[in-house]
Amino acid sequence: LHTAGWQPNPRLPLTNNALARVWLPGHRFTNGQGQMLQLWWHVLPAAPSIEADTEFWGRAGQLTVEDTSTLMLTPTDCLTRVCLTAARHTPIKLADAARLINGNIIDWPRLTATAQKYRLGLPVAHGLSALTEIAISPIPPEVGHELRQIPAPYSQRQAHRAFSVPPTHRRPAH
């Protein structure tokens, strides 16, 4: 990518360090035309998992960008990942998720099964509900219901609360 004009943004001295990639989930790159590309080597951003990485990347397809080959997650797996990073519901993340849903066939049963397997129901449901609330994309109602039924660990509920509920609306934790 560097030879094609893509540079890490922000610049991190550790981007080329293999040990740093063990802990960093990925990094953003930009080129001279103002285009942005995000490369992810770990699928689950908050908790790298060899099992999840192997599973998701095993289903990935080949992608070539300016003579550089890489892997691209399936639309369903990419939507799962986008939902995990959409806790703050930035316009870019919501647009990414909407484009995935509107431009691809999403395997909703696999999305739900993956969320169940890795206990991701809360963040994935939260990401999808933001799309439903602003009527960007059609999401089957049963998907949200199934995702909300997945038990969420206490630490995940607290992290969700910290990232998604404005401080002025929080109640003290019990």
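The following paragraphs examine the structure supplied in this document. (Residues numbered from 1 in each chain as written. Predicted model: local features only at pLDDT ≥ 70, side-chain atom pairs only at ≥ 80, totals over all residues. Heavy atoms only, no water.)

1. Remarks on the environment of A130
Which entries qualify depends on this criterion: Secondary structure elements are defined from DSSP: runs of H or I of at least 4 residues count as helices, runs of E of at least 2 residues count as strands, and each element is numbered from the N terminus. Per-residue accessibility, obtained with a 1.4 Å probe over protein chains only, is compared with the maximum for each type, and a residue is labelled buried under 20%, exposed over 50%, and partly exposed between these values.
With respect to the helices and strands, A130 occurs in helix 6 (residues 121–133). Taking relative accessible area as the criterion, A130 reaches 9% and is therefore assigned buried. Considered as a pair, A130 and C83 are 47 residues apart in the sequence and their alpha carbons are 9.6 Å apart.

2. Section: the sheet that holds strand 2 (residues 26–30)
In any sheet, the strands associate via hydrogen bonds between backbone groups, in a parallel or an antiparallel arrangement. For the record, the criterion: What makes two strands pair is DSSP finding at least two bridges between them.
An order of 1-2-3 is seen for the three strands of this open sheet, with the pairing classed as antiparallel. Strand pairing shows two members of the sheet lacking a second neighbour, strand 1 (7–8) and strand 3 (36–40), which therefore form its edges. Bridge count between strand 2 and strand 3: five bridges; the pairing is antiparallel. Among the inter-strand pairings, T30 is bridged to a residue of strand 3, identified as M36.

3. Focus on helix 5 (residues 108–117)
One full turn of an α-helix is made of 3.6 residues, so residues set three or four places apart face in the same direction. Test applied: The arc in question is formed by the directions pointing from the helix axis toward the C-beta atoms. We call two residues contacting when some pair of their heavy atoms lies within 4.5 Å. Pairing of N or O atoms within 3.5 Å defines a polar contact, subject to two protein rules: one partner must be a possible hydrogen donor and the other a possible acceptor, and residues neighboring in sequence count only if both atoms are side-chain atoms.
Restricting attention to buried positions, one finds in helix 5 the residues W108, L111, T112, T114 and A115. All buried residues of helix 5 project into a common sector of 160° when viewed along the axis, lining one side. Against helix 2 (50–58), helix 3 (75–85), helix 4 (91–103), helix 6 and helix 7 (141–148) lie the buried residues of helix 5. The residue sitting at the N-terminus of helix 5 and contributing the capping side-chain oxygen is D107; that oxygen lies 3.1 Å from the backbone nitrogen of R110. Of the residues one or two after helix 5, R119 is the one with positive phi, at around 55°.

These results come straight from atomic positions and should not be treated as a statement about function.
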